[in-house]
Amino acid sequence: MNDLTRQDFEVTRLGKATLTSPLYKEYKKEDAPHKEFIEDSRRIIYDASLSAFEEARNSDADPISFLKAGPRKKIYFDPSKTKAAIVTCGGLCPGINNVIRGLVNGLYYRYNVKNIWGVQYGYQGFISDYGHEMVKLTPNVVKDIHLFGGTILGSSRGRQDISAMVDTLERENINILFTIGGDGTLSGNHVIHEEIERRGLKIVTAGIPKTIDNDVNFMTKTFGFDTAFSTAAAVVRDAHNEATGAYNGVAIVKLMGRDSGFIAANAALAMPDVNFVLIPESKFDLYGDKGFLNTLKKRVEERHHALVVVAEGAGQHLFEDNENEVVKDKSGNIKHKDIGVFLKDEITNYLKEQDMEATVKYIDPSYIIRSEVAIPADSVFCNDLALNAVHGAMAGITDFVVGRWHNQFTYLPIPVATASRKKIDIDGALWWSVLETTGQPVDMTND
Ligand code: ATP
Ligand code: MG
């Protein structure tokens, strides 16, 4: 963050936007949906504290700020000649279909772009060898898709040849490509953009960040996150019933969170019966006086039940001595060792060694959560993200993602959004709330 400057937050544009937006042509009408048009000078400040403001005023450096999203009076693309494509990649996350629906309806009804195509099975859909035909998308095709989880376009992992992908964009005369995906997809989007630039093509690539872990920098929240932790909270509630239903009952729920424990932390705050939250950001020891197992044992002795929530990326250091080889998936993401199963075995064995009769239950709801239907708050958010992506793309902004900061929608260059991951600050308010709510020790390490 500290080495980023105001310049890094400037988005790229295909060229000057010279055409009057159909939204602006409509806006004087009584029932026009848009009354506010955004000038490109409107920016959202990163640090809204008074001290940061004063510091910025007294220095030459511009404070970090983000371009405000929203409809522009002038657009770059002529809607009648514009062809748009949508692709979804990586793992599932609630709300993908809502985003697809929002993109299609925004293009079709707001901008009169009627030529919209869905690319099937992620970036594979650009490679003809796979034989995945593009599908035509209309409001009629997408009208009910928000009622289902998953993605109607299908998804995939695994790297594809960038040059071949841009060949397809060129051959199909696509002007705007919307990518819905995580860090891998967005990195892919950026490389596609670089190849487009190298060839001097006038194609926009716009990203809607999809990460259930809520780990994108410079965004308060990513879509699907609210649904994910709300669904997780219901599972945590059930797990609590399992724990209290047996004498010395211990229930463990494993939740998503490869590098960031936001889902685990928020699910525990929503369901404050949780006694221990284990996240990647906070290391803990298994053994020893202050270690997790002994702390858990004391809790069970006192209250005769315990509820543990563990993020999938937590405690990975515990595997370091066991096995050294790193396993990766098709996209090159490091596959984490299963901390949930590991903890279940460790807890069972430890309590047995301590002569404690206990019942240990383990629940892993990950795939159920990933394919959930978006809750209403997420549906609203998905639709807003999609509409703002359409506004930015039609204005000729490229290589960007849509985000939200201080309750305002923003456009960020992809490289700054993917430069590093957002993590829980273990000295910050969120983690302290978790510690206060669960009553777990601040530190479960022995030194
Ligand atoms: P998730 O959050 O589920 O991991 P993701 O978008 O990160 O979502 P990945 O499978 O990592 O999912 O990546 C999606 C697609 O992007 C894959 O097809 C992957 O090969 C491709 N990709 C990732 N990085 C690059 C890159 N640098 N250049 C080209 N393609 C890439
Ligand atoms: Mg990824």
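Calculation notes
Residues numbered from 1 in each chain as written. Chains lettered and ligands numbered in written order. Predicted model: local features only at pLDDT ≥ 70, side-chain atom pairs only at ≥ 80, totals over all residues. Heavy atoms only, no water. Helix = DSSP H or I, 4+ residues; strand = E, 2+ residues; numbered from the N terminus. Rg over C-alpha atoms; globule rule 2.2 N^0.38 Å. Buried < 20%, exposed > 50% of the residue type's maximum accessible area, 1.4 Å probe, protein only. Contact = heavy atoms within 4.5 Å. Areas by Shrake-Rupley, 256 points an atom, 1.4 Å probe, with all protein chains shown as cover. Lys, Arg positive; Asp, Glu negative; His and termini not counted. Charge placed at Lys NZ, Arg CZ, Asp CG, Glu CD. Pairing = 2+ DSSP bridges. Axes fitted to C-alpha atoms, helices over the stretch in contact; angles between N-to-C directions. Near = heavy atom within 4 Å. Polar contact = N/O pair within 3.5 Å; in protein donor to acceptor, adjacent residues only side chain to side chain. Core = buried A, V, L, I, M, F, W, Y, C linked by side-chain atoms within 4.5 Å. Parallel < 35°, antiparallel > 145°, perpendicular 65-115°, else oblique. Left-handed = near helix turned anticlockwise from the far one by under 90°. Nonpolar A, V, L, I, M, F, W, Y, C, P; charged D, E, K, R; others polar. Expected span 1.5 Å × (residues − 1).

Q: Would you explain the overall build of the protein chain in this entry?
A: Within the protein chain one finds 14 helices and 17 strands. Its C-alpha atoms give the protein chain a radius of gyration of 24 Å, near enough to 22 Å, the size a compact globule of 447 residues would have. Out of the 447 residues in the protein chain, the part that is buried amounts to 54%. Excluding contacts between residues fewer than 6 apart, the proportion of contacts in the protein chain whose partners are at least 24 apart in sequence is 78%. Of the roughly 20100 Å² that the protein chain leaves accessible, carbon and sulfur atoms contribute 47%. Looking at charge distribution, the protein chain has the averaged site of its 50 positive side-chain charges lying 9 Å from that of its 60 negative ones.

Q: I keep staring at the sheet that holds strand S7 (residues 115–119) and nothing clicks. Help me out?
A: Each strand in a sheet pairs with another by means of backbone hydrogen bonds, the pair being arranged parallel or else antiparallel. In spatial order, the strands read S3-S4-S17-S16-S10-S9-S6-S7-S8; together these nine strands make up an open sheet with mixed pairing. Across the chains shown, the open sheet's two edge strands, defined by having one partner strand only, are strand S3 (43–45) and strand S8 (135–136). Each of strand S9 (176–181), strand S10 (204–209) and strand S16 (400–405) is contacted by helix H6 (residues 183–198), which is oriented at about 170 degrees to S10, the strand it contacts most.

Q: I would appreciate a short explanation of the site of ligand 1 in the present structure.
A: Lining the immediate environment of ligand 1, one finds 19 residues, of which Gly91, Gly158, Asp183, Thr185 and Ser331 sit closest. One of the backbone nitrogen or oxygen atoms of Gly184 is found 2.8 Å away from an oxygen atom of ligand 1. At 2.3 Å, a side-chain N or O of Thr185 approaches an oxygen atom of ligand 1. For the shell around ligand 1, the element with the highest residue contribution is H6, accounting for six residues.

Q: So what exactly am I meant to see when it comes to the pairing of strand S11 (residues 249–255) here?
A: Consecutive side chains along a regular strand alternate between the two faces of the sheet. The buried count for S11 comes to seven of seven residues, which makes it a mostly enclosed element. Here S11 shows a buried face lined by Gly249, Ala251, Val253 and Leu255 and a second buried face lined by Val250, Ile252 and Lys254. In the sheet, S11 pairs with strand S13 (residues 305–311) via seven bridges, with the strands oriented parallel. Residue pairing in the sheet places Val253 in a bridge with Val309 of S13. Where S11 meets strand S14 (residues 359–363), five bridges bridge the pair, whose relative direction is parallel.

Q: Is there a simple way to explain the nonpolar core in this structure?
A: Buried together is how nonpolar side chains tend to be arranged in soluble globular proteins. Counting residues in each nonpolar core, the largest one holds 76 residues, and the members touching the most others are Ile86, Ile100, Leu103, Phe178 and Phe223. With nine residues, helix H7 (residues 225–244) is the single largest residue contributor to this core. When near neighbours in sequence (up to four residues on either side) are disregarded, Phe178 contacts Ala84, Ala85, Ile86, Val87, Leu103, Leu107, Ala206, Ile208, Ala389, Val390 and Ala393. By size, the runner-up hydrophobic cluster in this structure holds 25 residues, among which are Val250, Leu278, Leu286 and Ala306.

Q: Explain the packing of helix H5 (residues 162–171) against H6 to me, please; I cannot follow it from the model alone.
A: What describes two packed helices is the angle between their axes and the distance between those same axes. At their nearest, the axes of H5 and H6 sit 10 Å apart, and the two run at 65 degrees to each other. Here H5 lies roughly perpendicular to H6, going by the angle between them. The handedness of the crossing between H5 and H6 comes out as right-handed. Contacts from Ile162, Ser163, Met165, Val166 and Leu169 in H5 reach Gly188, Val191, Ile192, Glu195 and Ile196 in H6. Class assignment of the residues belonging to the contact of H5 with H6 gives a composition of seven nonpolar, two polar and one charged.

Q: Can you help me understand helix H9 (residues 292–303) in this one?
A: Counting along an α-helix, one turn takes 3.6 residues, and residues three or four places apart therefore face a common direction. Taking 1.5 Å of rise per residue, the 12 residues of H9 would be expected to cover 16 Å, and the 16 Å separating its terminal C-alpha atoms lies within 8% of that figure. When we look at burial in H9, the residues that qualify are Phe292, Leu293, Asn294, Thr295, Leu296, Lys297, Arg299 and Val300. Taken together, the buried residues of H9 touch S11, strand S12 (276–278), S13 and helix H10 (339–353).

Q: Would you mind going over the sheet that holds S14 with me for this structure?
A: Sheet architecture is open: four strands sit in the order S12-S13-S11-S14, paired in parallel fashion. Each edge of the open sheet is held by one strand with a lone partner, namely S12 and S14. Sheet twist, expressed as the mean angle between neighbouring strand axes with direction ignored, is 15 degrees. Running at roughly 150 degrees to S13, H9 makes contact with S11, S12 and S13 of the sheet.

Remember that the coordinates give geometry; whether it matters functionally is a separate question.
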